[in-house]
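# Descriptive structure summary
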Amino acid sequence: MPQPTSLCVYCGSNDGKHPEYVEQARAFGAEMAKRGIALVYGGGNVGLMGIVADAVLAGGGKVIGVIPRQLVEHEVAHTGLTELVVVDTMHQRKTRMYELADAFVALPGGFGTMDEMFEMLTWAQLGLHRYPCAFLDVRGYYRDLRAMMEHMVSERFVRAEQRENIWFGEDIAALFDWMQAYEGGHQPKWIDRDSVDA
């Protein structure tokens, strides 16, 4: 596929324990702006969310935030964005972010980051989209998750081809190169017919 025009980034509303999380979030946002890729994200100005957004804005890039009403104050909605979309529910937030993006990347984050990214992985598995999904593995943050996915494959709950369509790594330039070369092939969810008939 060509380079994404708008990239949805899922990440923490906290900075995390190590300064590298902040440094890489800032570097990622700066690289997006340099490449002319718009940011779609959760709309907050706190934690890694705010750092990525500020970095894109500082580089002259476009940033669209999507945030539910109940989190406008809790996550301190960013008021300096190109556009801030306020929705009623978390489900609407995730759907709108999906509609606005053509690639998905998870930086370090917590339950919300996992929820959002795994929904995109599930939709890809079901053939609902063919956009690239990647994990920026700062400080090995996603090492155990990657191992868990390999375990899912070995235990025959996930197809190897589906796992191979997900990128893990810490090199930002390599991530963007991978997305640009991504072909988006779809593999049926079911491992075998017995899985369907069970």
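Here's what I pulled together on the structure shown here. (Residues numbered from 1 in each chain as written. Predicted model: local features only at pLDDT ≥ 70, side-chain atom pairs only at ≥ 80, totals over all residues. Heavy atoms only, no water.)

### Regarding the environment of N14
- Of note, N14 is situated in the loop between β1 (6-10) and α1 (19-35).
- A relative accessible area of 57% means that N14 is categorised as exposed.
- Between the C-alpha atom of N14 and that of I37, which follows or precedes it by 23 residues, the distance is 24 Å.
- Residues contacting N14, with those up to four places away along its chain left out, are G47 and L48. (Helix = DSSP H or I, 4+ residues; strand = E, 2+ residues; numbered from the N terminus. Buried < 20%, exposed > 50% of the residue type's maximum accessible area, 1.4 Å probe, protein only. Contact = heavy atoms within 4.5 Å.)

### Focus on the nonpolar core
- Among the nonpolar cores identified, the biggest contains 33 residues, and L7, F28, M32, L39 and L107 are the most heavily contacted of them.
- Residue assignment for this core shows that the elements contributing at least two residues are β1, α1, β2 (38-41), α2 (47-58), β6 (133-136) and α7 (172-181).
- Dropping the residues within four chain positions of it, L107 is found in contact with V9, Y10, C11, A25, F28, V52, T113, L136 and Y142.
- In this structure, V66, A101, M117 and C133 belong to the second largest nonpolar core, which totals 23 residues. (Core = buried A, V, L, I, M, F, W, Y, C linked by side-chain atoms within 4.5 Å.)

### Some words on α7
- Residues of α7 that are buried: I172, L175, F176, W178 and M179. Down the axis of α7, the buried set is contained in an arc of 155°. They therefore lie on one face.
- Along its buried surface, α7 packs onto β1, α1, β5 (104-106), β6 and β7 (166-169).
- For α7, the N-terminal capping position is held by D171, with its side-chain oxygen 3.0 Å away from the main-chain nitrogen of A173. (Arc of directions from axis to C-beta. Polar contact = N/O pair within 3.5 Å; in protein donor to acceptor, adjacent residues only side chain to side chain.)

### Quick look at the pairing of β7
- Burial along β7 is two-sided: the face carrying I166 and F168 and the face carrying W167 and G169 are both buried.
- Judged from the four bridges that link them, β6 and β7 form a sheet pairing that is parallel. Counterpart to F135 in the pairing with β7 is F168. (Pairing = 2+ DSSP bridges.)

### Quick look at the side chain of H129
- Mapped onto the elements of the fold, H129 is located in the loop between α4 (111-125) and β6.
- Separated by 3.0 Å, the side chain of H129 and the backbone nitrogen of Y131 make a polar contact.
- Excluding residues within four positions of it along the chain, H129 makes contact with Y98, F104, M120, W123 and A124.

### As for the packing of helix α3 (residues 90-100) against α4
- As a packed pair, α3 and α4 sit with axes 11 Å apart at the nearest point and diverge in direction by 60°. The pairing of α3 with α4 is recorded here as oblique in orientation. α4 is crossed by α3, and the crossing has right-handed handedness. In contact with R93, K94, M97 and Y98 of α3, α4 contributes D115, E116, E119, M120 and W123.
- Across the contact of α3 with α4, the residue classes break down as four nonpolar, no polar and five charged. (Axes fitted to C-alpha atoms, helices over the stretch in contact; angles between N-to-C directions. Parallel < 35°, antiparallel > 145°, perpendicular 65-115°, else oblique. Left-handed = near helix turned anticlockwise from the far one by under 90°. Nonpolar A, V, L, I, M, F, W, Y, C, P; charged D, E, K, R; others polar.)

In short, shape yes, function no, at least from these values alone.
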